[in-house]
Every structure is written in structure tokens, then in C-alpha cells.
2 protein chains.
Amino acid sequence: MTDATALIEGMGRAAQAAQGALAQAGAARRTAALIAAAEAVAAAEGAILAANAEDMAAAEARGISGAMLNRLRLDPGRLAGITAGLRAVAAQPDPVGATIAAWEMPSGLRIRRVRSPIGVIGVIYESRPNVTADAGALCLRSGNAVILRGGSESARSSAAIHRAMVAGLRAAGLPEAAIQLVPTTDRAAVGAMLAAQGLLDVIVPRGGKSLVARVQAEARVPVFAHLEGICHVYVDAAADPAKARRVVLNAKTRRTEVCGAAECLLIHRAIVDGLGAAIIADLIAAGVEVRGGAGLAHLPGVVAAAPDDFGREFLDMTIAVKVVDGIEGAIAHIARHGTRHTEAIVTEDREAAERFLAEIDAGIVMVNASTQFADGGEFGMGAEIGIATGKLHARGPVGAEQLTTFRYLVEGDGTIRP
Amino acid sequence: MTDATALIEGMGRAAQAAQGALAQAGAARRTAALIAAAEAVAAAEGAILAANAEDMAAAEARGISGAMLNRLRLDPGRLAGITAGLRAVAAQPDPVGATIAAWEMPSGLRIRRVRSPIGVIGVIYESRPNVTADAGALCLRSGNAVILRGGSESARSSAAIHRAMVAGLRAAGLPEAAIQLVPTTDRAAVGAMLAAQGLLDVIVPRGGKSLVARVQAEARVPVFAHLEGICHVYVDAAADPAKARRVVLNAKTRRTEVCGAAECLLIHRAIVDGLGAAIIADLIAAGVEVRGGAGLAHLPGVVAAAPDDFGREFLDMTIAVKVVDGIEGAIAHIARHGTRHTEAIVTEDREAAERFLAEIDAGIVMVNASTQFADGGEFGMGAEIGIATGKLHARGPVGAEQLTTFRYLVEGDGTIRP
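Everything numeric here is computed off the predicted structure, so don't read it as measured data.

Enquirer: Describe the overall build of chain A, and please don't skip the residues or the numbers.
Expert: Assigned secondary structure in chain A consists of 13 helices and 16 strands. Whereas a compact globule of 418 residues would reach a radius of gyration of roughly 22 Å, chain A reaches 24 Å, a difference of no more than 12%. Its C-alpha atoms give chain A principal-axis dimensions of about 70 × 65 × 40 Å. In chain A, which comprises 418 residues, the proportion classed as buried is 56%. Long-range pairs, those at least 24 residues apart, make up 73% of the contacts in chain A with a sequence separation of at least 6.

Next comes the structure, spelled out in C-alpha cells:
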């Protein structure tokens, strides 16, 4: 057994023991821990910002780039966001024990299906130290123990936030091992987590494509994740022009680096030179590079798309545009290039909307709304630990409720089976 | 690429293509196919029984044992059971497109969570030819394509039943590739199914422990299964004697070979010589071998349990019995030896019942009822493709509804995210 395997095994056993106590402690204690953690983070502001300043200085000394530095940086405003997030999760309904369904059988059995924690969740993330609080809070809310493994750049910041989370657990009389932070930046610890069948029940990777790809390829533990969000907006011939223009512009430009950003615009052939041209002009005016497929070269400012621009996640101010032969063409293109994340249609034709809703295989399918709404907060989940594009268990935004499983509770009266 | 891999890849692609059509065809067409399949099985009775007679003769020639021969055998009564099962699934509500939840957000978005098929299900089974119809029917009801791989002993019987299922699909105008049977008994085909990531979405093994263990160890595709059903009945000090006696006797003896049969009886220390002795006498009178732990040797007919009799799946007329120090002892024993299948308490003490319901981690937790009710039919699911003891997605009996995933369908009115 390697050191990393032994470390994760010890943490996993401690997490399993803590998880039982956490689940049995009841909603009020979990809420108290979340509120105490928010208070502890606020009280530790100086220490957390000092730790973050050390992380930032070390990162700058290593020549780390602007985007990653930005993800790493904490300031009083961002810390206030973290404590507000903790309080928001504290205010959410506690899912543990909630009855999903209840019925009675002719045998006399009374059957309830109730939510239970999944068990121990592993979260593997990179430079954003706020994940320490966000993921810790959602696991605590759902009665799961969590083992957090942050990136080396944010190690001091994450440790400082983690101390505050543990103070919250302690204040509520909950076991400290319910939220653990892997105390090493040795990459072998990630491998040990991915192999920890029987100790970890699910792994959630939070980070760039290379991290998620590694986790999906290597994990022997189930994974909730999305590798890419290649989201399409299809503008139908029956689209309302004003709605189409604002939805497309928002879907692409509100934030380009998020997984719910649109990467490809599909335009019905009949409206290319009218509404299509107007939408493309809007995008270009906003600073977007428009890479057009066949039948779009005559529009001002459009550059020619390469074949691999379709099915490509740009994550910046670039969009691929394709002319399609109506809704069948759009559905076929999405089936080929989509990543089961979020897909949208803009149309006033109810039949086209219904067909799109029925036939698109994705976690989130939208009508007349921006793909940028792909977010647990915007779905009313309060917060999310990530967005999943798999088909099993959790799909779309993953909030506290999606971090639960269920049990059937069955009551009889000495009932036996004939 | 081996022949087996190429075979499964071709079947998988055909299944994916068929699945889209199956899902879009609507509930009425799926129901029509199920009814037509029932009629086709009934019409093919002679051919199916002839094929089964060949399988039986070949099995007998190979010296196959009584229990396996019994699982393999079909007769007019068993065939009537198969057609009745198909009609029952046809009468079940179709889960595809059902709304699980619906809500509206302050942004104006209207969000629905609706059921969708998972995709392509692989079913790997052994000698029971009825699985061909049962599993095919549940996958059809839930809009999933299925690839069936039966055991070599039942190859002719399964092929004859499969022809009838395909006739049902054809009669309803559904693609024949929605229900495929692997046309070879080459064991490499099983390996190819277990490795078929991206083609199969879930695998369900139906068979003995060695098959399930192989599938769980090797599969790169998610698995819905239970390896063992080590079910306990805990008789509390506050148990009603009559209820306890009939529940324990039924849980052990109704059918001993099923996964929901009780394998271990836990008795509260305070009632060993009263109710405990009566229950043990009942079991012995019924022909059960009672293997008792410490504190039971003085009871007539009890043989001494070996340490590994606890946590052992007997699947016959044998039961292990242990004296425990109240509900805490029972919960601790089950946490150590249970397999998250089905666990039961017999008590009139509401507090003890609530604690058992809250603290036992198992797919099914029962109060005052026999563990033999662990069955999709007894849960009102109409039928089950198996029982799962994993924590993710499906748990307990897996019926048509549990063979679905979900999508979020979101509607706005040109709604954009600020």
C-alpha cells in the first residue's frame, strides 16, 4: 500500500464513521453547523486573506497566468460571497428523510420512499478556494461526509477555509471528520481517491477539462461531472425576432467561460438573411468572432468555420454558426455534436417547441430562454456542487437533493407473504 | 478488435438507433408491442416448448443438476406466466415523459423534470429463459433498447421467446433492434458487453453469485445488481409474539432460494428463553437447521454457529441466530454483516421502529413484515428486472420507472440571465 493509498483509506474510514453521526444528527444540527461555519469564516477573514496572499505570491512567483490568478484570488467581497453561500445553504430545506413517495399495497404493507445521504463524497478541484466552502456546505446539508482535495496553488487558502468549516462542525457537536481536506498536494492522493471503491461513493471533479478527463478515465468510483458544455441555440423560422436576438446574445456573451455558454448557433435556412443576419450583426457588434458554415459567407464580418469548429467548446468570444434545414436538421446536429448539457430552441411554434423538448437528449432542454440559466441557483436548488451530463442518478445541476439516494421504508402488522 | 467486440459494437449501434425511435413512438405503441408480444408468445407455445425440450435434453445429457434443470424448464403453466407477465407490464403506466416535478422561478422560467429512457440496457442472465421476456418487456415499457445475453443452456428456449418478442415489436411498427439477443454463447461476448462504454448505459446481471461478482468486478459500464441478500430479522423485546413467530417463519421458509429470504435472526437478550425459544422451535419444526451463537446452546435442537455463519447467504433451510443487546446491538450487527438489501425489525415499540427505520442503511427497511416481500411486484411496480443494492440511481426492486433517467425541460419567454 502506498502512502497516498494509506492516507485516503484512513480518511475514508474516518469519513464513514463521521457520516453515520452526521446523518443521524438531524436537520437542525446540520443547519447549526452551516451557520456556525459562516460565522467562523467571517471571523477568520484576516487569516484567510493572509493565507490567500501567500498563495497568490507563490503563484505569481511561478509565473501563473491572469485567469488562474483571478480564480485563486480572495478579497473581502469574495469572502462575503462565501459566507452568504453558507447561509443560503443553511436556509435550504434539509433533504435527509424527506418522503419522495408513499403508497399502500393490497397486502397491507405501507411503503415510503425516503431520501438518505449517499455516504462519502470526494471532491477534486483546482485553484478556486471557495469550492472548499461550497462543496463542504452542500455535502453537510445532504448528510454526506466529504473528502476535499484542492489544487496545490490554493492549498493555504483552502486550509484556512477548511479550519472554519471544521469550527462550524465542532460548534454544532458534529464530528470533525465529516469535512476533511487532503493534507498533501501530492498528486498520488488524487489517484488513491479515484481508486477508493468501498470508501468513496461518488467523486465530483471541479476544474478544467484535463482534470475531468483524467477523473472520468481513471475513476473506479462513480463520477458526477461534465467534460464539456457544447451548448447550442437553434433559432427556428417561427422565432420571435426580439426574443431570438436577446437570447442568443445573452447565451453567448453574458459569461463566455461558463459551461452553459452557447458555443454554436443553428439558424433555420428560411431566415438566414433576415433575423439570422441581425443576430450575427449583434454578436459581431458585441465583439464575438462569428465562424460561419456554408451559406453564411456573404454576411459581413463572418469568417469561415473549420469543420472542427462544430462540436468545439470555445469558452471565449467565439461562436460557430450553421444553417440547418429546419428542426430536423437542428436535432440531428445536436445529436451529433452536443454533450448532453444544455440545448435551446427559440420559436413561437408550439409544435416545434414540443418536438425539441421531446427529442433532445440533454440534461437541460430550453425553449425561449438563455443557456446561461444552466445553474443550480437559477433552478432553485440554492447552490450546486457541479453540473452532470451522465444519465444515471444525477443530471443537470447537482444540488443537495441530488446528493441523496433513497431507501424504501416498509411497515406492516406482522405481514407475511403467501 | 475481436469478433465479440465487433459483434457487440454492431448490436450496440443498432440498439442506439432503435432506441430513439422507440422513445419517440409513444406509450400507446409500446403498449401495443407488449400485447402483441404476449399474443406471439402464446401463439408460439408449441415452438417454444419444443425448443425448451431440446435445451432440457442437452442439459440432461451434460449431467446438469436438479435446481438448474428446474430453472431451465418451461411448461404450459410457466409459459402462461410469461404471457401474463407481458400483459401486466403492458397494463402498467408508461413512465416516459411523466413529470416528476414542476416549478416556476422568479426569473420567469418554468421548469419541469420529466422521465426519459436511460438508453441501452444490457441484461446478462443464466438458465432462466423467462428473463428474455421479462427483461425485454420492462425495457420496452421504459423506452429503452435492450441487448439480452442468455446462458448457453437456455439458448434455444431464449431464441424462441425472443422471436416472439420481435414479432410484437414488428406488429406495433417498432424497430426490431429494440430487443436483441446476442446470437452466440461465446463467453467473450459477455466481456465485450462489460467493456461497452458509450454503447451500453447500464448492465443488469441476473444469475448466481459468480456471474454477478464477475460483472461487478469487470464492468466498465454501470451495473444494477445485488451480489448477496444477507437479510436479517431482529426480534425486539417489545415484539408481539404472534407477529414475530409468523414473520420469522415466513421470512426464512416461504422460499429459501430467493435473495429476500432471511439468513440471520437477531433476538433481544431479554426474550431469548421466552419468545426466542418459541421462534426457534417453530423453525426447527419446519425443518430449518438453526445455528446459534453464544447464549443459545441450551435450547433444544440448536447447533453451534461457526463465526462465518454470520454474514453468510445460505439460500437453503439454514439460519444463523444471534443474541443481541437490544436495538443498538442489532443495528451494529447489521451494519457489519448486512448487504444493504432488506432488513426487518419486529416490535410494537414505536421508538425502536423509528430508530431502526432511520439508522439501517439498506435499500429496503421493514417493520413487522417479512423480508420475503422484497420484490417489485409486491412493491406495486408490476415487475422488476432485478434488485439493486448500490446507492446510486436505482435501489431495491428495479422496475420500469427505475429504468428511466430524467431531463429538465425549461421554458421562458425570451428570458435572459442578468
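Enquirer: Can you break down the domain arrangement of chain A residue by residue, with the values?
Expert: Residue and element names in this part refer to chain A. According to the domain assignment, chain A contains domain 1 (3-224 + 394-410) and domain 2 (231-378). On the side of domain 2, four residues touch domain 1, which itself brings four residues to the contact. Here the side of domain 1 that touches domain 2 is built from residues that sort into one nonpolar, two polar and one charged.

Enquirer: Which residues make up the confidence of the model for chain A, and what are the values?
Expert: Put simply, chain A has an average pLDDT of 95, and 100% of its residues get 70 or more. Scoring of the predicted complex yields 0.92 for pTM and 0.91 for ipTM.

Enquirer: Give me the lowdown on the relation of the copies chain B and chain A, citing residues and values where you can.
Expert: Relating one copy of the chain to the other requires a rotation about an axis plus a shift along that axis. Overlaying chain B with chain A gives an RMSD of 0.0 Å, the required rotation being 180° about an axis along which the chain moves by 0.0 Å. Here the symmetry operator amounts to a two-fold rotation axis. Scanning chain B for the C-alpha nearest the rotation axis identifies His393(B), at a separation of 2.0 Å. A shared interface surface links the copies, since 100% of the contact residues of chain B are contact residues in chain A too.

Enquirer: Outline helix H7 (residues 155-171) of chain B, supporting the account with residue identities and numerical values.
Expert: Residues and elements named next belong to chain B. An ideal rise of 1.5 Å per residue puts 24 Å on 17 residues; H7 measures up with 24 Å between its terminal C-alpha atoms. All of the buried residues in H7 are Ala155, Ser157, Ser158, Ala160, Ile161, His162, Ala164, Met165, Val166, Gly168 and Leu169. Contacts made by the buried residues of H7 are with helix H2 (27-43), helix H3 (45-61), helix H6 (130-141), strand E4 (145-149) and strand E5 (179-181). A positive phi of about 70° marks Gly173, the residue just after H7.

Enquirer: Break down the interface of chain B and chain A for me, citing the residues and quoting the values.
Expert: Taken together, the contact between chain B and chain A spans 52 residues of the former and 52 residues of the latter. Those elements that provide at least two residues to the side of chain B that touches chain A are helix H10 (241-253), helix H13 (350-359), strand E13 (364-369) and strand E16 (404-415) of chain B. The element that contributes the greatest number of residues to the side of chain B that touches chain A is E16(B), accounting for eleven residues. Pairing of strand E16 (residues 404-415) of chain A with E13(B) involves five bridges; the strand directions are parallel. Residue Tyr408(A) lies in a different strand from E13(B), and its bridge partner there is Ile364(B).

Enquirer: Provide a residue-level description of the sheet that holds E13(B), including the pertinent values.
Expert: If you walk across this open sheet you meet the ten strands as E1(A)-E2(A)-E16(A)-E13(B)-E12(B)-E7(B)-E8(B)-E11(B)-E9(B)-E10(B), and the pairing is mixed. Across the chains shown, the open sheet's two edge strands, defined by having one partner strand only, are strand E1 (99-104) of chain A together with strand E10 (303-304) of chain B. Pairing between strand E2 (residues 110-117) of chain A and E16(A): eight bridges, direction antiparallel. Bridged to Arg113(A) within E16(A) is Tyr408(A). In the packing of H13(B) onto the sheet, the strands contacted are E16 of chain A together with strand E12 (342-346) and E13 of chain B, and the crossing angle to E13(B) comes to about 160°.

Enquirer: Could you give an account of the nonpolar core, with specific residues and numbers?
Expert: Membership of the largest hydrophobic core comes to 139 residues, with the highest contact counts inside it found for Met193(B), Ile203(B) and Val235(B). With near-sequence residues (within four places) excluded, Ile203(B) lies in contact with Gly122(B), Ile124(B), Met193(B), Leu194(B), Val215(B), Ala219(B), Val221(B) and Val223(B). Within the second largest apolar cluster, 138 residues are counted, among which are Ala137(A), Ala219(A), Ile331(A) and Tyr408(B).

Enquirer: Quick rundown of the pairing of strand E8 (residues 262-268) of chain B? Include the residues and the values.
Expert: Sheet faces and side chains relate simply in a regular strand, where the side chains alternate between the two faces. Counted residue by residue, E8(B) has seven buried out of seven residues, so it is predominantly covered. On the question of chirality, the crossover connecting strand E7 (residues 231-235) of chain B to the parallel E8(B) by way of H10(B) is right-handed.

Enquirer: Quick rundown of unusual backbone geometry? Include the residues and the values.
Expert: Glycine aside, the phi torsion of most residues is negative, and most peptide linkages are trans. The phi dihedral of Leu315(A) falls on the positive side, at around 55°, and the residue is not glycine. Relative to the assigned elements, Leu315(A) resides in the loop between strand E10 (303-304) and strand E11 (318-324). Judged by C-beta crowding, with 17 C-beta atoms within 10 Å, Leu315(A) ranks as partly exposed. At His393(B), a position not held by glycine, the phi torsion is positive, near 70°.

Enquirer: Talk me through the packing of helix H10 (residues 241-253) of chain A against helix H11 (residues 272-285) of chain A; I want residue IDs and the actual numbers.
Expert: All names here are of chain A. The geometry of H10 relative to H11 is characterised by a closest axis approach of 10 Å and an angle of 35° between their N-to-C directions. Our pair here, H10 against H11, has a crossing hand that is right-handed. Where H10 approaches H11, its residues Pro241, Ala244, Arg245, Val248, Leu249 and Lys252 are matched on the opposing element by Leu275, Ala278, Ile279, Asp282 and Leu283. Residues of the contact of H10 with H11, tallied by class, amount to eight nonpolar, no polar and three charged.

Enquirer: Could you give me a rundown of the environment of Asp282(B), with the residues and numbers involved?
Expert: All names here are of chain B. Here Asp282 lies in helix H11 (residues 272-285). The class of Asp282 is partly exposed, set by 17 C-beta atoms lying within 10 Å. Distance in space between the C-alpha atoms of Asp282 and Ala251 is 12 Å, their sequence separation being 31 residues. When sequence neighbours within four positions are dropped, the list of residues in contact with Asp282 reads Arg245 and Leu249.

Enquirer: Outline the packing of H2(B) against helix H5 (residues 76-91) of chain B, supporting the account with residue identities and numerical values.
Expert: Residue and element names in this part refer to chain B. Packing of H2 against H5 brings their axes to within 8 Å, and their N-to-C directions diverge by 170°. The pairing of H2 with H5 is recorded here as roughly antiparallel in orientation. Only Leu79, Ile82, Thr83, Leu86, Arg87, Val89 and Ala90 of H5 make contact with H2, whose side of the interface consists of Thr31, Leu34, Ile35, Ala37, Ala38, Val41 and Ala42. Of the residues assigned to the contact of H2 with H5, the class counts are eleven nonpolar, two polar and one charged.

Enquirer: Let's hear about the environment of Gly287(A): which residues, and what values?
Expert: All names here are of chain A. Inspection of the secondary structure puts Gly287 in the loop between H11 and strand E9 (289-292). C-beta crowding within 10 Å serves as the criterion here: with 8 such atoms nearby, Gly287 is assigned to the exposed category. It is 15 Å that separates the C-alpha atoms of Gly287 and Glu257, two residues lying 30 residues apart in sequence.

Enquirer: So what's going on with the sheet that holds strand E3 (residues 120-125) of chain A? Residues and values would help.
Expert: Paired through backbone hydrogen bonds, the strands of a sheet run either parallel or antiparallel to each other. Residues and elements named next belong to chain A. Strand order in the open sheet made by the four strands is E5-E4-E3-E6, with parallel pairing throughout. Each end of this open sheet is capped by a strand with a single partner; those strands are strand E5 (179-181) and strand E6 (202-206). Ignoring strand direction, the axes of neighbouring strands in this sheet form an average angle of 20°. Direction of pairing for E3 relative to E6: parallel, over a ladder of five bridges. By the bridge assignment for E6, Tyr125 is matched with Arg206. Lying on the sheet, helix H7 (residues 155-171) is in contact with strand E4 (145-149) and E5; it crosses E5 at an angle near 160°. The sheet strands contacting helix H9 (residues 209-218) are E3 and E6, and the helix crosses E6 at an angle near 160°.

Criteria and thresholds
Residues numbered from 1 in each chain as written. Chains lettered and ligands numbered in written order. Predicted model: local features only at pLDDT ≥ 70, side-chain atom pairs only at ≥ 80, totals over all residues. Helix = DSSP H or I, 4+ residues; strand = E, 2+ residues; numbered from the N terminus. Rg over C-alpha atoms; globule rule 2.2 N^0.38 Å. Buried ≥ 20, exposed ≤ 12 C-beta atoms within 10 Å, placed from the backbone. Contact = placed C-beta atoms within 7 Å. Domains from an automatic or database assignment. Nonpolar A, V, L, I, M, F, W, Y, C, P; charged D, E, K, R; others polar. pLDDT = per-residue confidence, 0-100. Least-squares fit on C-alpha atoms with pLDDT ≥ 70 in both. Expected span 1.5 Å × (residues − 1). Pairing = 2+ DSSP bridges. Axes fitted to C-alpha atoms, helices over the stretch in contact; angles between N-to-C directions. Core = buried A, V, L, I, M, F, W, Y, C linked by C-beta atoms within 7 Å. Right-handed = clockwise from strand over helix to strand, strands pointing away. Left-handed = near helix turned anticlockwise from the far one by under 90°. Parallel < 35°, antiparallel > 145°, perpendicular 65-115°, else oblique.

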